[in-house]
Amino acid sequence: MTKKIMSRSLLPLAFISGFGSISQAEIIPPTDDFSKPEKGEKFQGGATTHKNKVGRNSFSFSSRNLAFEQGLDFKIGNGFFKRIWVSSPASTKSADGLGPIFNAKSCQRCHIKDGRGHPPAGNYPDDTAVSMFLRLSVPPATEEEHALLAAGKTGVIPEPTYGGQLQDFSVQGVPAEGRMHIEYEELDVVLGDGTKVSLRKPTYSVTNLQYGPMQDGVMLSPRVTPQMIGLGLLEAIPEADILSQVDENDADGDGISGKANYAWAMRESKPKVGRFGWKAGNATLFDQAVHASTGDLGISSSSQPDPWGDCTANQTLCRNAPDGNNPENDGVEISDEAMEKLVFYTQNLAPPRRKNIDDPKVLRGKELFYGANCIACHTPKYRTGNSADFKAVKNQLIWPYTDLLLHDMGEGLADNRPEGKANGQEWKTPPLWGIGHTQNVSKHTFFLHDGRARNLTEAILWHGGEAKASRDVFANLTQEDREAMLAFLNSL
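Residues numbered from 1 in each chain as written. Predicted model: local features only at pLDDT ≥ 70, side-chain atom pairs only at ≥ 80, totals over all residues. Heavy atoms only, no water.

Our next topic: the packing of aromatic side chains. In this structure the tally under the stated criterion is ten aromatic pairs. Ring plane angle 15 degrees and centroid distance 6.0 Å describe the contact between F102 and F169, whose orientation is recorded as stacked. Pair noted here: F102 is in strand β1 (residues 101–102) and F169 is in strand β3 (residues 169–170), with a separation of 67 residues, a long-range link. The buried category is assigned to F102, whose relative accessible area is 5%. Considering the side-chain rings of F369 and F488, the 5.2 Å spacing of their centres and the 50 degrees angle between planes classify their relative orientation as tilted. Here the residue F369 occupies a position in helix α11 (residues 360–371), and F488 occupies one in helix α15 (residues 479–490), the gap between them amounting to 119 residues. Classification of F488 by relative accessible area gives buried; the value is 0%. Site record: aromatic cluster; members linked through ring pairs are F34, F369, Y370, Y401 and F488. (Phe/Tyr/Trp six-rings, centres within 6.5 Å; stacked < 30°, edge-to-face > 60°. Helix = DSSP H or I, 4+ residues; strand = E, 2+ residues; numbered from the N terminus. Buried < 20%, exposed > 50% of the residue type's maximum accessible area, 1.4 Å probe, protein only.)

Once that is clear, we can look at the packing of helix α3 (residues 68–82) against helix α10 (residues 336–347). At a minimum axis separation of 7 Å, α3 and α10 run at an interaxial angle of 105 degrees. Classed by the angle they form, the pair α3 and α10 counts as roughly perpendicular. Where α3 approaches α10, its residues Q70, D73, F74, I76, G77, N78, F80 and F81 are matched on the opposing element by A338, K341, L342, F344 and Y345. Among the residues making up the contact of α3 with α10, the classes are represented as eight nonpolar, three polar and two charged. (Axes fitted to C-alpha atoms, helices over the stretch in contact; angles between N-to-C directions. Parallel < 35°, antiparallel > 145°, perpendicular 65-115°, else oblique. Contact = heavy atoms within 4.5 Å. Nonpolar A, V, L, I, M, F, W, Y, C, P; charged D, E, K, R; others polar.)

Moving on to the pattern of salt bridges. Per the counting criterion, the structure on display carries 21 salt bridges. For the salt bridge of K366 with E41, the shortest nitrogen-to-oxygen distance reads 2.9 Å. With K366 in helix α11 and E41 in the loop between α2 (24–27) and α3, this residue pair connects regions lying 325 residues apart in the sequence. For E41, a relative accessible area of 2% translates into the label buried. Among the salt bridges present, the one from D415 reaches K279, with a minimum N-O distance of 2.9 Å. Note that D415 is positioned in the loop between β11 (406–408) and β12 (426–428) and K279 in the loop between β8 (270–273) and α8 (285–297), a separation of 136 residues in sequence. (Salt bridge = Lys/Arg side-chain N within 4 Å of Asp/Glu carboxyl O.)

Tallying each qualifying case throughout the model produces one disulfide. Through a disulfide, C311 is tied to C318; the S-S separation comes to 1.4 Å. Both residues of the pair, C311 and C318, count as buried. Lacking any disulfide linkage, C110 is separated from the closest cysteine sulfur, that of C107, by 8.2 Å. (Disulfide = S-S within 2.5 Å.)

Written as structure tokens, this is what we have:
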């Protein structure tokens, strides 16, 4: 007889705090009743969930429960998120300092409509890779580099000449670093009922290098920008609830061995559980914003004050270019106040309501999703903690469908580039909320870390490693049941 555990959402907070080491699964167990929607399931972001009309702007609304005065902070942060930065010197002193090398001129250029990015339609010059780029790193070679990695002060060792990522744009007078080049190979897959599906396998390289060859052994990792909704809620999940799901050595023998990544938190000056980025390489949204400002835009901040962004010492033109560091902006290119507003914006982009949650086809798809053990990694729900920075995200029952842990996804999806505790085959489980709005918001349905999947079916069929058993269940469903599972995913 299975012991019935009361849902955490029904327990007083004082009682919850006394649970000690009780696991997330025991506090909020997954449902086994698929005859009807669960209570609160429609509002997947809890009270933050917006009720606005579904459409192109579905990911751009603020948390519904923000205090009135916080609505202004959100709008100001949105302004900084959309700001088009310009090169120095410029008459607009509050918006200059772009680059000198960069991937985009604004946050919004990558996170289009606050949604996910996409791979280019063709290689340069047919298309530019805005909203997708290549991470770069090399194996540690010195005692100092080994020590930095061991202490958790960095997750990677940047390539000595080209830095932590390839910047394919630059300001006048400074060469861009190079161009990402993608070649696709089509792979035929036959499902259990004879249906044929073609998967595209990408191969990545770099062309037009402007600063000499890269170091031997350089590791490349392609990344499309992820969607922005619900990030403040993910940040508010208690760390203990994330760690309670860790099973690094697969002690329960279910084939799933998730582990936490750790990243250096700048404000706390210590490693913390990673939550953000494709390999959970950032612990907080503040860190994510600072690193993106530096790496993607070349914009300096108090936490990373070098005005040249990702330029290395081997790029002298870049290092010597004019910059926008300004005493009126706290001596850097984006002021502390502006950075705080930008972070607040990213913390309060609200998830939309679920769609068609009582549709029998959606309920059947949910049952199949749970039955295939997809929820072993895509944990359905959490209760956010009581220690978050602002009231809106506290004590919310949320439905992100992620465990925020690293999992081996097999050789097919491997980038063979370690990051922190993540090895070359491991990726963080991405949240699924909002995935059914991708076409409306982003005007495409490219999924996975590099956008290779052209639809959800392809995304599922690329799952390997720890996810292979669940992938095989999907591949062997009848067409009717496959469509039901896809209907469930599109309802999120």
